[in-house]
Amino acid sequence: MRSDRSQRSPLLLKIAAAGGLLFLHLPILLIFVYAFTTEEKSYQWPPPGLTTQWLAIAWNRPDVWSALGLSVQVACIATAIALVLGTLCAAAVSQTKFFGREAISLLVILPIALPGIITGIALRSAFSLFDIPFSVWTIVLGHATFCVVVVYNNAVARFRRTSGSLIEASMDLGADGFQTFRHVILPNIGTALLAGGMLAFALSFDEVIVTTFTGGQQSTLPIWMLEELIRPRQRPVTNVVAMVVVLVTFLPILAAYYLTRDGDQVAGAGK
Amino acid sequence: MTALALTKPAELSETSILPGRGGFFGQLSDAFWRHPRLLLFLMLTPPLLWLGIIYIGSLIALLLQSFFSIDDFSGLVNYEFTLATYAQLLSPTNFDIIIRTIIMAALVTLASAVVAFPIAYYAARYAQGKWKALFYLGVMLPLWSSYLVKIYAWKLILAKEGILTWIFEKLHLSWLLDGILNLPVVGGNSLSVSYLGTFVVFVYVWLPYMILPTQAALERVPGNLIEASSDLGATPSQTFRTVLFPLALPGIVAGSIFTFSLTLGDYIIPQIIGSSRLFIGQAVYAQQGTAGNVPLAAAFSVVPIVIMAVYLWLAKKQGAFDAL
């Protein structure tokens, strides 16, 4: 009688937990309804009618495509840089002990621990100090800085679970350092890096606060969205873009979850 | 005899030590093996250069600017050391902005903790197998889905013609909504231009950051502690106050680091959903952008840094970092 008590949860707790989860998910689902509304000028609920015409109209908008193109380009480069820097840092911190190790983990986490606006304005003032013109690279510079931490977190967690004796065994069997890296270390940390890379991509793809400072006149997809939010021009197109963004970001998150679920919770431990 | 015995191991080891590897990569690999510090140095240099120069460098450059001031007539930055810009922070308008932001951050943190606790507790203690995965994804997906889309969704919900007004109408509770909107400080013309709206959106957007560390802390509370407490005659609320809550506190404090810091620095949510009164983030943005007063913007951005430093120090004393 006692032992099955822990299986049953109080009704009130159940309601509160379910309510909290609904609070988290219903607003996002609402976007899907609005993408098909026939109402153009306001956010009227319930929608007066449903239509799929906005999908076609959004598809034919060149400004959406160019913003999307820039976002993908920036996210790819930033992810690549973050993968290299994050893995190097994680390998150094987890495989060896040295003076200042704690300081390095702090340094890596700092760009997301401090509010994004501070990173943004700091980079902006540095750019103007050195007369660096805004380009794709100024955006990448900002994004890569805070993407390092996601790759780092994933890689460090995996390195901790990878036994050091594997590396020693490989060396004992005659492999040189590069062979060991290619045949032993890389297969072990591969999925963690893939997951970290996906999350870094999602983070960069979605970033808006730092980008407003480092982008100049260029518009990534979030910047395009932000402009639509502040000064709505064609609301239905914004609705469609919002829905597509939700769908597109869900995929890498689900994939990252399935890649890392056997391990401890690493996938999104701290954005 | 003894000499032979002594030389034998030497011969053996001579054959067991292979000659150094040939080729560039082979030699490089050997060099790394003999000098692990060299490898460490090479591994650490790129990330440290990047973060140290690009990030810390610009951060320091920004902080230095807060000690300059702006010439009121020419609008140019006067490069002399002064604390005048910091004094400007204490002027009534600017000080209001700071206080408003801190109060909002504190309330958002409190509300997130209250909403997050049942979800985290259920996920940590009762959810099993499939349900556990569902809860995890249920928190992860909103956490990682687009920040702007989430704000946009709330713009749709809170709009005067939106779903919330409609729900209140259907439930014949329109008087309640009007009553809330007529409240002196938190109300406004519609929810999307009121403090209340800003508050709800802040809680919504940062809630997952509170759930995850709270859940992590609760996972570590052994179930038999709760059972022991009730066996010893404690009511559920006593168990919560004296056993569960103190053990969960480090996790809640860890989560509050995120909710507090993110609210302090955000400038997009209050800009899109909220009254026209500024928050720190908006003040920083306006000062460096339209006003062109970079020193004041820099001084403003020092405020969240200092608050967060104090907060982190207090959190560390609470043991929150072990729960991260």
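The structure we're discussing is the one just above.
What this report covers is the structure whose coordinates are included nearby.

Time to look at the overall build of chain A. When you go through chain A residue by residue, the secondary structure sums to 11 helices and zero strands. Element order for chain A, N to C, with α for helix and β for strand: α-α-α-α-α-α-α-α-α-α-α. Considered along the principal axes of its C-alpha atoms, chain A spans approximately 75 × 70 × 30 Å. For chain A, contacts bridging at least 24 residues in sequence account for 77% of all contacts bridging at least 6.

On a plain count of helices and strands, chain B comes out with 15 helices and two strands. Its C-alpha radius of gyration of 29 Å places chain B more than 25% over the 20 Å reference for a compact globule of 324 residues. Principal-axis analysis of the C-alpha atoms places the extent of chain B at approximately 105 × 75 × 35 Å. Buried positions account for 43% of the 324 residues belonging to chain B. Once local pairs closer than 6 in sequence are excluded, the contacts in chain B between residues at least 24 apart make up 69%.

Moving on to the nonpolar core. Counting residues in each nonpolar core, the largest one holds 171 residues, and the members touching the most others are A82, C147 and V151 of chain A together with W206 of chain B. Ranked by the residues each element gives to this core, the list is headed by helix α10 (residues 195–219) of chain B, at 18 residues. Not counting residues within four places of it along the chain, the set of residues in contact with V151 of chain A comprises A82, L83, G86, T87, L193, G196, G197 and A200 of chain A.

In this assembly, 68 residues from chain A lie in contact with 73 residues from chain B. Looking at the side of chain A that touches chain B, the elements with two or more residues in it are α1 (11–34), α3 (62–95), α4 (101–113), α5 (116–129), α6 (136–161), α8 (177–206), α10 (221–230) and α11 (235–260) of chain A. Broken down by element, the residue count for the side of chain A that touches chain B peaks at 14 residues, all from α1 of chain A. Grouping the amino acids of the side of chain A that touches chain B by side-chain chemistry returns 51 nonpolar, 13 polar and four charged.

A word on α1 of chain A. Residues and elements named next belong to chain A. In this model α1 runs 34 Å from its N-terminal to its C-terminal C-alpha over 24 residues, within 8% of the 34 Å that 1.5 Å per residue would give. The axis of α1 is deflected most strongly, by about 30°, at H25, and proline P27 appears within four residues downstream. Looking only at α1, the buried set comprises A17, G20, L21, L24, P27, I31 and Y34.

A separate point is the environment of S146 of chain B. Counting through the fold element by element, S146 of chain B comes out in the loop between α6 (129–144) and α7 (147–158). Owing to 24 C-beta atoms within 10 Å, S146 of chain B belongs among the buried residues under this scheme. A sequence separation of 59 residues divides S146 of chain B from V205 of chain B, and the C-alpha atoms of the two residues are 9.9 Å apart. With residues up to four places along the chain from it excluded, the contact list for S146 of chain B reads D206, V245, V246 and T249 of chain A.

Turning next to unusual backbone geometry. With a phi angle near 55°, D131 of chain A is a residue other than glycine that sits in the positive phi range. Of note, D131 of chain A is situated in the loop between α5 and α6. The backbone of H172 of chain B sits at a positive phi, close to 55°, despite the residue not being glycine.

Glancing now at the packing of α5 of chain A against helix α15 (residues 294–317) of chain B. Remark: α5 of chain A packs on α15 of chain B, axes separated minimally by 10 Å, with the N-to-C direction vectors making an angle of 150°. Crossing angle aside, the handedness with which α5 of chain A passes α15 of chain B is left-handed. Residues I117, I118, I121 and S125 of chain A of α5 of chain A pack against V294, A297, S301, P304 and I305 of chain B of α15 of chain B. Of the residues that constitute the contact of α5 of chain A with α15 of chain B, the class distribution is seven nonpolar, two polar and no charged.

With that settled, consider helix α5 (residues 92–126) of chain B. Over its 35 residues, α5 of chain B extends 51 Å from the first C-alpha to the last, a length consistent with the 51 Å expected when each residue adds 1.5 Å. The sharpest bend along α5 of chain B reaches about 35° and sits at A116 of chain B, with the proline P118 of chain B one to four residues further on.

Calculation rules
- Residues numbered from 1 in each chain as written.
- Chains lettered and ligands numbered in written order.
- Predicted model: local features only at pLDDT ≥ 70, side-chain atom pairs only at ≥ 80, totals over all residues.
- Helix = DSSP H or I, 4+ residues; strand = E, 2+ residues; numbered from the N terminus.
- Contact = placed C-beta atoms within 7 Å.
- Rg over C-alpha atoms; globule rule 2.2 N^0.38 Å.
- Buried ≥ 20, exposed ≤ 12 C-beta atoms within 10 Å, placed from the backbone.
- Core = buried A, V, L, I, M, F, W, Y, C linked by C-beta atoms within 7 Å.
- Nonpolar A, V, L, I, M, F, W, Y, C, P; charged D, E, K, R; others polar.
- Expected span 1.5 Å × (residues − 1).
- Bend = angle between axes of the 7 residues up to and from the residue.
- Axes fitted to C-alpha atoms, helices over the stretch in contact; angles between N-to-C directions.
- Left-handed = near helix turned anticlockwise from the far one by under 90°.

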